[in-house]
Amino acid sequence: MRFGIERPETWQVCTACRNEMVETDPHARCVRCGGLLEIEHRVPTAGREELLRRFTERRGAPVGGSASGVWRYRDIVLPSATEVVSHPEGNTPLLRRSALDRWTGVDGLLLKHEGHNPTGSFKDRGMTVGVTQARRIGAKAVACASTGNTAASLAAYASLAGIPALVLVPAGNVALGKLAQSLAYGARTLLVRGDFDDCLRLVEEASTTLGVYLLNSINPFRIEGQKTIVLETLEQLGWDPPDWIVLPAGNLGNTAAFGKALVEAKAWGLIDRLPRLAAVQAAGAAPFARSFAEGFARRHRVKAETVATAIRIGDPASYDRAVKSIRETDGVVLAVTDEEILAAKAAVDASGVGCEPASAASVAGVKRLVAAGTIRPADRVVAVLTGHILKDPGALLYYHRELEPPPPGANRPIEIEPTLAEVSRVLERAAPSGSG
Ligand code: F0G
């Protein structure tokens, strides 16, 4: 169907066949052709100055929706939502560390640290909107497939909303912190003997047959929430856009969200030009980078393998929406090796910031793009750190304690007898390395 002149404030549209559906339609995909859905909003009636005034006024609210770095932008996220399921979330910092300027070769690299969200990843921004929508439509249960962070976030927000949650994760390939969170927040957790792509196929089938509301990032309400990573960054920069925004890419929900946020922000007069997006994949899970190298002539599917388990995805669901984002922002897609990811992670960690392995792909990507001359040292660059350092303690301990031969950044723990002589002997051997 298509709406006539009486357009609602917000509706859903199929990105493949342009079929339009009401905002409260619970289907995960287009009911006509099975394509991916996208949320569309009428052009906000409030102009630029009024919108910016509202965003600023809400900042710092002690409680309620406005305390959230997602719902502060509600006019361009989900204006019709009144009762929101919020932790609150968002309000994450932009960090600068000179050690990372030196490591990447960018003067004044900014890190948008999404690991500062309540469950430790950017997923909370999409989940507050997704679970709010689940409650609005009266969902009896919610479900997702996940490499771990979506599961942890869904588990927390479903518990907040009092809705039962089902999560499907690949057995043996979920970082410890994420699995522990899903269990602790109370989601029914299925360890699937397969990879993420198997989990996603299964949960989509289950959601259609069992009538469970699907909250993977194919859900367009999740994308609306994730747009606020970009909106909040732009606000922190005084609505003066950077030259580049660099992010890790797996299932491509975030790449889709970033492009949508930027294009809307420009269309609605919040910014006057578009930053370029750089989406960074792990070399062993890089079907999108491969398509980009071929001018997006065709979509690829691979059997994924990488130490960055969060982005161990071979058949990204939001492919079409992400292609649009890269095209519209004159963006680039690249792949970095596991060695580059681990080296970037060691640099981010040693700077005192810390992040999980997948997040470090963005910093590895910045270094690679500077070396290639695509990013210039004087460009204004924001790299997004998507998850907290403690999400993946296994990767940390492996790198620092077990990897042979020890990599240059390895910080081996030293076991000693309980004597002062032993402490003093260790201190004499090596002063700890600060990197500032
Ligand atoms: N970084 C982290 C820490 C992630 O958890 C993910 C995705 C990404 C980057 C990539 O984002 O999928 O939108 O391209 N994690 C999903 C999950 C797949 O299930 O937690 P994307």
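Scroll up to find the structure this text is about.
Nothing here was measured: the structure is a model prediction, and the numbers come from that model. (Residues numbered from 1 in each chain as written. Predicted model: local features only at pLDDT ≥ 70, side-chain atom pairs only at ≥ 80, totals over all residues.)

Section: helix α13 (residues 393-402)
Residues of α13 that are buried include every one of A395, L396 and Y399, and no others. Angularly, the buried residues of α13 cover 100° about the axis, an arc narrow enough to put them on a single face. Summarising the geometry of α13, the exposed residues directed more than 90 degrees from the buried face are R401 and E402. Of the surrounding elements, those touching the buried residues of α13 are α11 (338-350) and α12 (357-371). (Buried ≥ 20, exposed ≤ 12 C-beta atoms within 10 Å, placed from the backbone. Helix = DSSP H or I, 4+ residues; strand = E, 2+ residues; numbered from the N terminus. Arc of directions from axis to C-beta. Contact = placed C-beta atoms within 7 Å.)

What to know about the sheet that holds strand β13 (residues 381-385)
The strand order across the open sheet formed by 6 strands is β4-β5-β13-β10-β11-β12, and the pairing between neighbours is mixed. Edge strands, defined here as strands with exactly one partner in the open sheet, are β4 (94-95) and β12 (332-336). By the bridge criterion, 2 bridges tie β4 to strand β5 (residues 110-113) in an arrangement that is antiparallel. Paired with L94 across the strands is K112, a residue of β5. (Pairing = 2+ DSSP bridges.)

A look at the nonpolar core
With 125 residues, the main nonpolar core has V142 and L154 as its most contacted residues. Here this core gathers at least three residues from each of two domains, domain 1 (1-42) and domain 2 (94-119 + 221-394). The contacts of V142, once residues within four sequence positions are left out, are V131, A134, L154, A158, I163, A165, V212, Y213 and L215. (Core = buried A, V, L, I, M, F, W, Y, C linked by C-beta atoms within 7 Å. Domains from an automatic or database assignment.)

Considering the sheet that holds strand β6 (residues 142-145)
Judged by pairing direction, the sheet is parallel, and its 4 strands sit side by side in the order β8-β7-β6-β9 without closing on themselves. Sheet topology places β8 (188-192) and β9 (213-214) at the edges, where each strand pairs with a single neighbour. Judged from the 4 bridges that link them, β6 and strand β7 (residues 165-170) form a sheet pairing that is parallel. Paired with C144 across the strands is V167, a residue of β7. Sitting on the sheet, helix α4 (residues 149-161) touches β6 and β7, and the angle it makes with β7 is about 170°. (Axes fitted to C-alpha atoms, helices over the stretch in contact; angles between N-to-C directions.)

Remarks on unusual backbone geometry
Of the consecutive residues H87 and P88, the connecting peptide bond is found in the cis state with omega at 10°. Structurally, the position occupied by P88 is in the loop between α1 (48-58) and β4. Going from E404 to P405, the amide bond is cis rather than trans, its omega being -10°. Unusually for a residue other than glycine, R18 sits at a positive phi of about 65°. Non-glycine residue W239 carries a positive phi angle of around 60°. Topologically, W239 is positioned in the loop between α7 (220-236) and β10 (244-248). Taking the number of C-beta atoms within 10 Å as the measure of exposure, W239 has 16 and is therefore partly exposed.

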